[in-house]
Amino acid sequence: MNRLEMSLLLTLFVLLATTGIAQSTPDCKNGLIVVTALDAHGLPVRNLTARDFQLSYRGKGVKVTSPEYWNNPVARVVVLLDLSGSMRGGMGSDKWKVAHTMASAYVLAAPPKEQISLLSFADTVQQKFAAADGRTPIQEWLSSVPVREGQVLKGRTALYQAILAGINQLTPAEPGDAI
């Protein structure tokens, strides 16, 4: 599975977990699912067609009828940053450097109106930065020497707990929410 497929799968999982199929009547044949498609560089993929998606619901194939690119400059995004010991990697590994650089670059480059929160996690969710507090506290924390140099990396990976905390920050769910 390549990075695009992994990103689509994870995004679809999170969105289904938080919003589900948008229609609620039992006989409804149409639903809305919001998916974020990113390329290997983390940039949005535009011009996708229905043939680019495979979707199933309860084991049955579902037809995708009208995918469309939608830009929401005021979207809510929760960035999850893994601080567990596994991020150190092996000899010569750049795992932490890549993750830290991507988180820092995203916080700096995201549209100004986008509401960004950041949760760091290892054994538990550790640092919580709410969108309401702005980006400055996130940038200052990411720029601190212990974080930048990976001195904070320790413990196991509590990914599911972090995802649940991210979902809780996005409750109630809105179209365009992303983790």
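Remember, predicted model here, so these are calculated numbers, not experimental data.

**Considerations on the pattern of salt bridges**
Any two side chains of opposite charge can pair if their charged atoms end up close together. The final tally for this structure, using the stated rule, is 2 salt bridges. In this structure, Arg 76 and Glu 174 form a salt bridge, with 3.8 Å as the shortest nitrogen-oxygen distance. Separated by 98 residues along the polypeptide, Arg 76 in strand β3 (residues 76-82) and Glu 174 in the segment after α5 (159-169) bring together distant segments of the chain. For Glu 174, a relative accessible area of 41% gives the class partly exposed. Of the charged contacts in the structure, one is a salt bridge between Arg 76 and Asp 177, with a shortest N-O distance of 2.7 Å. Taken together, the residues span a long stretch of sequence, with Arg 76 in strand β3 and Asp 177 in the segment after α5 at a distance of 101 residues. Judged by its relative accessible area of 12%, Arg 76 falls in the buried class.

**Notes on the environment of Ala 130**
Relative to the elements of secondary structure, Ala 130 occurs in the loop between β5 (125-129) and α3 (136-143). In this structure Ala 130 comes out as partly exposed when scored by relative accessible area, which is 31%. Ala 130 has contacts with Ile 116 and Ser 117, leaving out every residue within four places of it along the chain.

**Things to note about the nonpolar core**
Note that soluble globular proteins tend to have their nonpolar side chains buried in a common cluster. Of all hydrophobic cores here, the largest spans 20 residues; its most connected members are Leu 81, Leu 83, Trp 96, Leu 118, Ile 138, Trp 141 and Leu 142. Those elements that place two or more of their residues in this core are β3, α2 (95-109), β4 (115-121) and α3. The residues contacting Trp 141, other than those within four sequence positions of it, are Leu 81, Leu 83, Leu 118, Ser 120, Gln 127, Phe 129 and Val 147. Of all hydrophobic cores here, the second largest spans 7 residues; its members include Val 78, Ala 162, Ala 165 and Leu 170.

**Some remarks on the environment of Asp 82**
For Asp 82, the location among the structural elements is in strand β3. With sequence-adjacent residues up to four places away left out, Asp 82 is seen in contact with Met 87, Trp 96, Phe 121, Leu 153 and Thr 157. Here Ser 84 takes part through its side chain, which lies 2.7 Å from a polar atom of the side chain of Asp 82.

**Side note on the pairing of β5**
For β4 and β5, the ladder comprises 3 bridges, and the chain directions are antiparallel. Bridging from a neighbouring strand, Leu 119 pairs with Lys 128 of β5. Taking the residues that link successive antiparallel strands as the turn, the β4-β5 hairpin has 3 residues.

**A word on α3**
Restricting attention to buried positions, one finds in α3 the residues Ile 138, Trp 141 and Leu 142. Taken around the axis of α3, the buried residues stretch over an arc of 95°, which confines them to a single face. Residues of α3 that are buried make contact with β3, α2, β4, β5 and α4 (145-148).

**Re the confidence of the model for the protein chain**
The predicted model of the protein chain averages 82 in pLDDT, with 83% of residues at 70 or higher. Predicted confidence in the protein chain is weakest over helix α1 (residues 3-18), with a mean pLDDT of 46, and strongest over α3, with 96. Note that pLDDT drops below 50 for residues 6-25; the model gives that stretch 33 contacts with residues more than four away or on any other chain.

**Quick notes on unusual backbone geometry**
Trans peptide bonds make up most of the peptide bonds, and negative phi angles are found at most residues other than glycine. Going from Thr 171 to Pro 172, the amide bond is cis rather than trans, its omega being 0°. By the secondary structure assignment, Pro 172 is in the segment after α5. Residue Asn 47 is not a glycine yet carries a positive backbone phi of 60°. With respect to the element layout, Asn 47 can be found in the loop between α1 and β1 (55-57).

Criteria and thresholds
- Residues numbered from 1 in each chain as written.
- Predicted model: local features only at pLDDT ≥ 70, side-chain atom pairs only at ≥ 80, totals over all residues.
- Heavy atoms only, no water.
- Salt bridge = Lys/Arg side-chain N within 4 Å of Asp/Glu carboxyl O.
- Helix = DSSP H or I, 4+ residues; strand = E, 2+ residues; numbered from the N terminus.
- Buried < 20%, exposed > 50% of the residue type's maximum accessible area, 1.4 Å probe, protein only.
- Contact = heavy atoms within 4.5 Å.
- Core = buried A, V, L, I, M, F, W, Y, C linked by side-chain atoms within 4.5 Å.
- Polar contact = N/O pair within 3.5 Å; in protein donor to acceptor, adjacent residues only side chain to side chain.
- Pairing = 2+ DSSP bridges.
- Arc of directions from axis to C-beta.
- pLDDT = per-residue confidence, 0-100.

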